[in-house]
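# Coordinate analysis (summary)
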Amino acid sequence: MTTIALRLTLRRGTAANLAAVNEVPLAGELVVETDTGKAKLGNGTTAWNSLPYWSAGGAIVLTGTGSPAGVVSAPVGSLYTRSDGGAGSTLYVKESGTGSSGWVAK
C-alpha cells in the first residue's frame, strides 16, 4: 500500500504587514500572524482588519472603533473594547445570538 504525504501551508505574514495590506481572505481561508501566532478565518467579504481573531468556539477579546453591533462576528461571551467609545460605549459583551448580533454596551 502506498502512503501519500500531504502538506498544507497557510497564508501568513506579520501582524503589521497583514494589517497594512488589509486584504479580504477567501471564504474558509485561515491566515496566520507569524509574530503573534494568532489567526483569522476569512469569509470572502470582510477585510483583514475587520475580521475577528479565529477561535475554535471559545470567547475572544476584540478591539476596534465604532459599535460592534451588526458588524463584528464573535462567539457568545466575547468582549469588544471600543477605542473611540465614551461613557457606556467603551465595553461591549456578546450576550446572545450568532454572527454579529447580540452585542450589549456596558
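In this report, the structure presented in the accompanying data block is examined. In this text, all values refer to a predicted model and were calculated from it rather than measured experimentally. (Residues numbered from 1 in each chain as written. Predicted model: local features only at pLDDT ≥ 70, side-chain atom pairs only at ≥ 80, totals over all residues. Heavy atoms only, no water.)

### Here we look at a nonpolar patch on the surface
On the surface, Val-61, Leu-79 and Leu-91 cluster together into a nonpolar patch covering about 230 Å² of accessible area. The residue Leu-79 is located in strand β5 (residues 79-82) in this model. With a relative accessible area of 31%, Leu-79 lands in the partly exposed category. (Patch = residues over 30% accessible without salt bridge, like charges linked within 9 Å, V, L, I, M, F, W, Y side chains within 5 Å. Areas by Shrake-Rupley, 256 points an atom, 1.4 Å probe, with all protein chains shown as cover. Salt bridge = Lys/Arg side-chain N within 4 Å of Asp/Glu carboxyl O. Helix = DSSP H or I, 4+ residues; strand = E, 2+ residues; numbered from the N terminus. Buried < 20%, exposed > 50% of the residue type's maximum accessible area, 1.4 Å probe, protein only.)

### Notes on the sheet that holds strand β2 (residues 30-33)
Hydrogen bonding along the main chain pairs the strands of a sheet, whether they run parallel or antiparallel. Strands sit in the order β1-β2-β3 across an open sheet of three strands; the sheet is mixed. In the strand order of this sheet, the two ends are held by β1 (11-13) and β3 (39-41), each with one partner. Neighbouring strand axes in the sheet, compared pairwise and without regard to direction, differ in orientation by 20° on average. Relative to β3, β2 is paired through three bridges, and the arrangement is antiparallel. The residue bridging Val-32 from the neighbouring strand is Ala-39, located in β3. (Pairing = 2+ DSSP bridges. Axes fitted to C-alpha atoms, helices over the stretch in contact; angles between N-to-C directions.)

### Points about the sheet that holds strand β4 (residues 61-64)
What the four strands build is an open sheet, ordered β4-β5-β6-β7; its pairing is mixed. This sheet does not close on itself; its edge strands, each paired only once, are β4 and β7 (103-105). The sheet shows a mean angle of 25° between the axes of neighbouring strands, direction not considered. As defined by bridge partners, β4 adjoins β5 across four bridges and the pair is classed as parallel. Across the sheet, residue Gly-64 finds its bridge partner in β5, namely Arg-82.

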